[in-house]
Amino acid sequence: MHADPDAAESVAGSADPDGADSAAAVAAAVAAAVEPVLAAVAGAADPEALRTTAAAALGRKGALSALNHRLGGLSPEDRRGAGAVLNEARDRLQAAVAARRAELDAVARAARLEADRLDLTETLPGPVRGSLHLVTQTRDALEDTFVGMGFVVAEGPEVESDWHNFAALNMPPAHPARSNFDTLYLDWGPPESALLRTHTSPVQVRLMRDQPPPIYAVMPGRVYRKDTPDARHTPSFSQIEGLVVDRGITFGDLAGTIDTFTRAYFGPGITSRLRPAYFPFTEPSAEFEITCTICGGAGCRTCSQTGWIELGGCGMVHPNVFAAVGIDPEEWTGFAFGFGIDRLAQMRHAIADMRVLADNDLRFTTQF
Ligand code: PHE
C-alpha cells in the first residue's frame, strides 16, 4: 500500500477551527500521518514501491514537510515540543525505510544467487567418440594373440604384381589353381601383370626375399576377389596369414601353433583339427577347422551337425616357393597358414550376413 500524499496533506492542514494551533494538535496529526506510512513501508513489495512511499512521507512535498510548516504558527514553547515529535517521527520513518530496503535487497540478492548458481556436481555427457570397426578390432586382437606367441606383424601393398601374387607361389602363368582366385586385374603395364592381391601370401614372398630366416611373422591385410556379394562373400575382405621359416620346422610345429592360437584366441574348450587339402604353395596342405563356436561342438545348423567349422588353410612351405625367393630348402623348412578375419568375426558374433561389415550402418557398427 502506498501512502497517499493527498491524505497526508489533509492531515497536515487540520489546524484548530479557531485558528490557534497547538503542540498537541500537531503531535496528533503526526501520529495520524505516520502510522499508515509505516504500514506502507513495511508492505512495500519492491524497491520502486518503497521509494514512492518514502518520498510521499519524507520528501520535500511529503506529509512530514507539510506538518513542519505548521511549526511556524506555534508558540516557541509548543514549537520545541512539536518539533521534537516531528523529528522523532522522521527518524522512525527513515529507520523503517532503511530496514525495508535492507530486506528487499537481501531478497533480490538471494534471487540473483539462485539464478547464477553453478551446479558443480552436474556431469555433462562428453563428446561422442567413435570406435574401431569390428573387423579392425578383430584384426587387433588377432595381432595381439600372435605377438604374444612370438610373431612379428608385417604388411605389404594391396596392388601386387602377378609374380608376387601367383608365380612365386608355385602358380606359373596358366596354372589351373589361378582360376580358384577370382582376380581383379588392373589396366597397368602388360596385360594381367598388375592386380589387386587375392590373398596376403604375397607379403610372405616379400618377407622371404627381404630378409634371411628365421622368420616368425603374421601378415594381416585387405584382399580382393571378383566375388558377387552374398551372405558369406564380399569382393573385398581381410585376411591374416602366418609364416614360419627356421631350421627343423615340422608339420607337428604347424599343428601345435594352430592349436595354441585357437585356444589363446577363442578360450578354453575350443580346439582345432586338420584335414587334408590342396594349395599350390604348400605341401602337404591342410584345411584347419575349429570347434563350432555356436554350439561348442555338440552339432548345430551352422556347423552342419559336425561340431566343427572350417577356418582357413595351412601347410608346409612348398620347395618351389623357397626356390623362387632364394631360400635353400635343404637347410630351411617352414609352414604357413591363413584365414579370413571377416569370416572369423562373423562366426564369433553370429553375424548372419557378411555384407553388413561394409554397409557402414551405425545401427550395426555401434554394437561393437
Ligand atoms: N593364401 C591362401 C588363401 O587365401 C590361404 C593359405 C595361406 C593356405 C597359407 C595355406 C597356407 O586361400
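Analysis parameters
Residues numbered from 1 in each chain as written. Predicted model: local features only at pLDDT ≥ 70, side-chain atom pairs only at ≥ 80, totals over all residues. Helix = DSSP H or I, 4+ residues; strand = E, 2+ residues; numbered from the N terminus. Buried ≥ 20, exposed ≤ 12 C-beta atoms within 10 Å, placed from the backbone. Domains from an automatic or database assignment. Core = buried A, V, L, I, M, F, W, Y, C linked by C-beta atoms within 7 Å. Contact = placed C-beta atoms within 7 Å. Near = placed C-beta within 6 Å. Nonpolar A, V, L, I, M, F, W, Y, C, P; charged D, E, K, R; others polar. Axes fitted to C-alpha atoms, helices over the stretch in contact; angles between N-to-C directions. Parallel < 35°, antiparallel > 145°, perpendicular 65-115°, else oblique. Pairing = 2+ DSSP bridges.

Engineer: Sorry if this is basic, but what is going on with unusual backbone geometry here?
Structural biologist: Most peptide bonds take the trans form, and the phi angle of most residues other than glycine is negative. Of note, the bond from P213 into P214 is cis; its omega dihedral lies within 30 degrees of zero at 0°. Looking at where P214 falls in the secondary structure, it is placed in the loop between α8 (201-210) and β4 (215-224). E283 connects to P284 through a cis peptide bond whose omega is -5°. Position of P284 among the secondary structure elements: in strand β7 (residues 282-291). Even without a glycine there, the phi angle at N170 is positive, about 65°. Here N170 shows up in the loop between α7 (162-165) and β3 (194-196). What makes N170 buried here is the crowd of 21 C-beta atoms within 10 Å. Even without being glycine, E192 reaches a positive phi, approximately 60°.

Engineer: Help me understand the domain arrangement of the chain in this model?
Structural biologist: Buried accessible area, meaning the area lost when the parts come together, often serves as the stated size of an interface. Entries for the chain in the domain assignment read domain 1 (5-116) and domain 2 (134-365). Computed over C-alpha atoms only, the centres of domain 1 and domain 2 are separated by 101 Å.

Engineer: I'm lost on the nonpolar core in this one. Help?
Structural biologist: Soluble globular proteins: nonpolar side chains tend toward being buried together. The biggest cluster of nonpolar side chains holds 43 residues, and the ones touching the most others in it are L169, V245, C314, V321 and F335. Apart from the residues lying within four places of it in its own chain, the contact partners of V245 are M208, P213, P214, I215, V317, I327, W332 and G334. The next biggest cluster of nonpolar side chains, apart from the first, holds 23 residues, and it includes A44, A54, A63 and L86.

Engineer: I keep staring at the site of the ligand and nothing clicks. Help me out?
Structural biologist: Lining the immediate surroundings of the ligand are H199, S201, E241, F279, T282, G313, C314, G315, A336, F337 and G338. Those elements giving two or more residues to the shell around the ligand turn out to be β8 (308-317) and β9 (333-340). A per-class count over the shell around the ligand returns four nonpolar, six polar and one charged.

Engineer: Before we go on, may I ask you to explain the packing of helix α3 (residues 47-58) against helix α5 (residues 76-116) in this structure?
Structural biologist: The relative placement of two packed helices is expressed as an angle between their axes plus a distance between the axes. Orientation of α3 relative to α5, taken along the N-to-C sense of each, is 175°, at an axis distance of 10 Å. Judged by the angle between their axes, α3 and α5 are roughly antiparallel. Along its contact with α3, which presents P47, L50, A54, A57 and L58, the element α5 presents R90, L93, Q94, V97, R100, R101 and L104. Split by residue class, the contact of α3 with α5 holds eight nonpolar, one polar and three charged.

Engineer: Which parts of the structure should I look at to understand the sheet that holds β8?
Structural biologist: Across a sheet, strands are paired by hydrogen bonds formed along the backbone, either parallel or antiparallel in direction. Strand order in this open sheet of seven strands is β1-β4-β5-β9-β8-β7-β6, and the pairing throughout is mixed. Looking at the sheet topology across the chains shown, the edges are occupied by β1 (152-153) and β6 (272-279). Taken together, the seven bridges between β6 and β7 define a ladder with antiparallel strand orientation. Residue pairing across strands places A277 opposite S285, the latter belonging to β7. Of the strands in this sheet, β4, β5 (236-246) and β9 touch α8, which is tilted by about 140° from β4.

Engineer: It is not clear to me how the environment of M149 should be interpreted in this structure. Could you clarify?
Structural biologist: Secondary-structure assignment places M149 in the loop between α6 (134-148) and β1. For M149, a count of 14 C-beta atoms within 10 Å translates into the label partly exposed. In this structure, the C-alpha to C-alpha distance between M149 and A264, residues 115 residues apart in sequence, is 9.3 Å. If near-sequence neighbours (up to four positions away) are discounted, M149 is found in contact with T260 and F261.

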